[in-house]
Amino acid sequence: PRSDCIAAEELCLSDSACNATYRILENCALAKTHFSPLDHDSRVRCLNAELDLGNSSLLHCKCHRRMKRQEHCLRIFWTVHSSMTDGYFNLETSPYENPANEEHWKTDYNKLAALLSGKVCSQLAGDATNPCLKATHVCNLSKKCVRLRTDYASTCTKGAGSEDACDRRKCHRGLRNFFEKVPEDFTKRILFCPCQDELCGERRRKTIVPDCSFQYNSKPNCLLLLDSCLDDHICKSRLADFQQNCQPTDVSPDGCSQHDHAACLQAYMGMIGTPMTPNYVSNSSVEVSLWCTCESSGNQKEKCDQILGMFESNKCL
């Protein structure tokens, strides 16, 4: 049975044989983190150690998006599955538990929305034509939603537009906090609100404060974004989750090979607040992209296009 990786690690470390195998895998993962090329014998030793775990709970453990010590859990997962990242951009399995198996909060979104619609207030008159504005006002009625939204907004706008660059790392952490800790009823409506005009589209595009979290002065190469992502346990995990849940196909009505469009949208939200943060590309469409380019990719142009294409031309997403 699947367990969370932190509990599985504790169980393994209490067993001498499993402990010894796990220590070998830790060294393998460490070598990869420092980009030290493993010789043939070392690669064989690492693969054998992974196979030695057999049916250990470590080999089948997963993590939860909203768990405490999430980074520690993900580090354990990638230690045990370090061979999965041998191939470039080849993250086959998500370390996260299936969304259907996770607990879902009961929220008071509809109650707050009804409360809002009962208010007669001139400043809310535009809500009917701007669903993004309405979603924001409903968020403002929830203590948790408004607190975490205010937290990331203030962090992401410090220094924005001035000579001081914003603290992108803190901005990303604030965004992840918001999308992890606020119920999806609120976050999805703010991020995926349907727009008919550019005013609404601009509010939607600026949900994640693009000047700090998304845009750089110039577009970096997408391969550089990928390298920084694979070097970060959370980003690598979110990318694996995105690859698994947003695989496009022609044979499914929703365009998703997993037949679960909602899981894809959740995986997409998981990318926000990572080095590969996506966003809407304009105020007047629902097209999304990464802030990167595939120009000057040399003989890796095809790989670069593949990364960008997962966001720009993905039927499932």
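Anyway, here's the lowdown on the structure attached to this text. Computed from a prediction, not measured in an experiment: that's the story for all the values here.

Along the backbone of the protein there are 15 helices and two strands. The buried share of the protein, reckoned over its 317 residues, is 47%. Restricting to contacts in the protein with at least 6 residues of sequence separation, those with at least 24 account for 71%. A total accessible area of about 16,600 Å² is found for the protein, and carbon and sulfur atoms account for 50% of it.

Here the focus is the pattern of salt bridges. Under the defined criterion, the tally for this structure stands at eleven salt bridges. The partner of arginine 238 in a salt bridge is glutamate 180, and the shortest N-O contact between them spans 2.4 Å. Pair noted here: arginine 238 is in helix H13 (residues 233-245) and glutamate 180 is in helix H8 (residues 168-181), with a separation of 58 residues, a long-range link. Accessibility assignment for this pair places arginine 238 and glutamate 180 in one class, buried. The closest approach of N and O atoms between glutamate 202 and arginine 205, which form a salt bridge, is 3.7 Å.

Further remarks concern the packing of helix H6 (residues 131-140) against helix H9 (residues 184-191). Where H6 contacts H9, the axes come no closer than 8 Å and their chain directions differ by 150°. Judged by the inter-axis angle, H6 sits roughly antiparallel to H9. Two packed elements cross with a definite hand, and for H6 against H9 that hand is left-handed. Residues Ala135, Thr136, Val138 and Cys139 of H6 pack against Phe186, Arg189 and Ile190 of H9. By residue class, the composition of the contact of H6 with H9 is five nonpolar, one polar and one charged.

Inspection of the secondary structure puts lysine 219 in the loop between helix H11 (210-213) and helix H12 (222-230). Residue lysine 219 is classed as partly exposed on the basis of its relative accessible area, which comes to 45%. Separated by 76 residues in the primary sequence, lysine 219 and glutamate 295 place their C-alpha atoms 9.8 Å from one another. Once residues lying within four places of it in the same chain are set aside, the contact partners of lysine 219 are Trp291, Cys292 and Thr293.

Taken as a whole, H12 has its buried residues at Cys222, Leu223, Leu225, Leu226 and Cys229. Burial along H12 is one-sided: seen end-on, the buried residues are contained in an arc of 155°. Those residues of H12 hidden inside the fold are in contact with H13, strand S2 (288-290) and helix H15 (301-312). Backbone nitrogen of leucine 223 and a side-chain oxygen of the N-cap are separated by 2.8 Å at the start of H12; the cap is asparagine 221.

Take unusual backbone geometry next. Of note, the phi angle at valine 209 is positive, near 50°, even though the residue is not glycine. With respect to the secondary-structure elements, valine 209 resides in the loop between helix H10 (198-205) and H11. The residue serine 296 is not glycine, and still its phi comes out positive at about 60°. Among the secondary structure elements, serine 296 is positioned in the loop between S2 and H15.

With the rule as written, the count across this model stands at 14 disulfides. A sulfur-sulfur distance of 2.1 Å marks the disulfide that ties cysteine 139 to cysteine 145. Residues cysteine 139 and cysteine 145 share a disulfide whose torsion about the S-S bond is about -110°; that sign makes it left-handed. The pair cysteine 139 / cysteine 145 is uniform in exposure class, with both members buried. There is a disulfide in this structure between cysteine 156 and cysteine 171, and the S-S distance comes to 2.1 Å.

Here we take up the packing of aromatic side chains. Any aromatic ring pair is given by two values, namely how distant the centres are and how the planes are angled relative to each other. For the coordinates displayed, the defined rule picks out six aromatic pairs. On the basis of an interplanar angle of 80° and a centroid distance of 5.2 Å, the ring pair of phenylalanine 178 and phenylalanine 179 is categorised as edge-to-face. Note on accessibility: phenylalanine 178 and phenylalanine 179 belong to one class, buried. Judged by centre distance (6.1 Å) and plane angle (40°), the ring pair of phenylalanine 192 and tyrosine 268 falls under tilted. On the criterion of sequence distance, the pair formed by phenylalanine 192 in the loop between H9 and H10 and tyrosine 268 in helix H14 (residues 261-271) is long-range, its members being 76 residues apart. For phenylalanine 192, a relative accessible area of 24% translates into the label partly exposed. Here the aromatic cluster, defined as three or more aromatic residues joined through ring pairs, consists of Tyr152, Phe178 and Phe179. Positioned above the aromatic ring of tyrosine 216 is the side chain of arginine 168, whose terminal nitrogen or guanidinium carbon lies 4.0 Å from the ring centre. A cation over a ring is seen here: arginine 204 above tyrosine 280, with NZ or CZ 4.5 Å from the ring centre.

Cut-offs used in this document
Residues numbered from 1 in each chain as written. Predicted model: local features only at pLDDT ≥ 70, side-chain atom pairs only at ≥ 80, totals over all residues. Heavy atoms only, no water. Helix = DSSP H or I, 4+ residues; strand = E, 2+ residues; numbered from the N terminus. Buried < 20%, exposed > 50% of the residue type's maximum accessible area, 1.4 Å probe, protein only. Contact = heavy atoms within 4.5 Å. Areas by Shrake-Rupley, 256 points an atom, 1.4 Å probe, with all protein chains shown as cover. Salt bridge = Lys/Arg side-chain N within 4 Å of Asp/Glu carboxyl O. Axes fitted to C-alpha atoms, helices over the stretch in contact; angles between N-to-C directions. Parallel < 35°, antiparallel > 145°, perpendicular 65-115°, else oblique. Left-handed = near helix turned anticlockwise from the far one by under 90°. Nonpolar A, V, L, I, M, F, W, Y, C, P; charged D, E, K, R; others polar. Arc of directions from axis to C-beta. Polar contact = N/O pair within 3.5 Å; in protein donor to acceptor, adjacent residues only side chain to side chain. Disulfide = S-S within 2.5 Å. Phe/Tyr/Trp six-rings, centres within 6.5 Å; stacked < 30°, edge-to-face > 60°. Lys NZ or Arg CZ within 6 Å of the ring centre and 35° of its normal.

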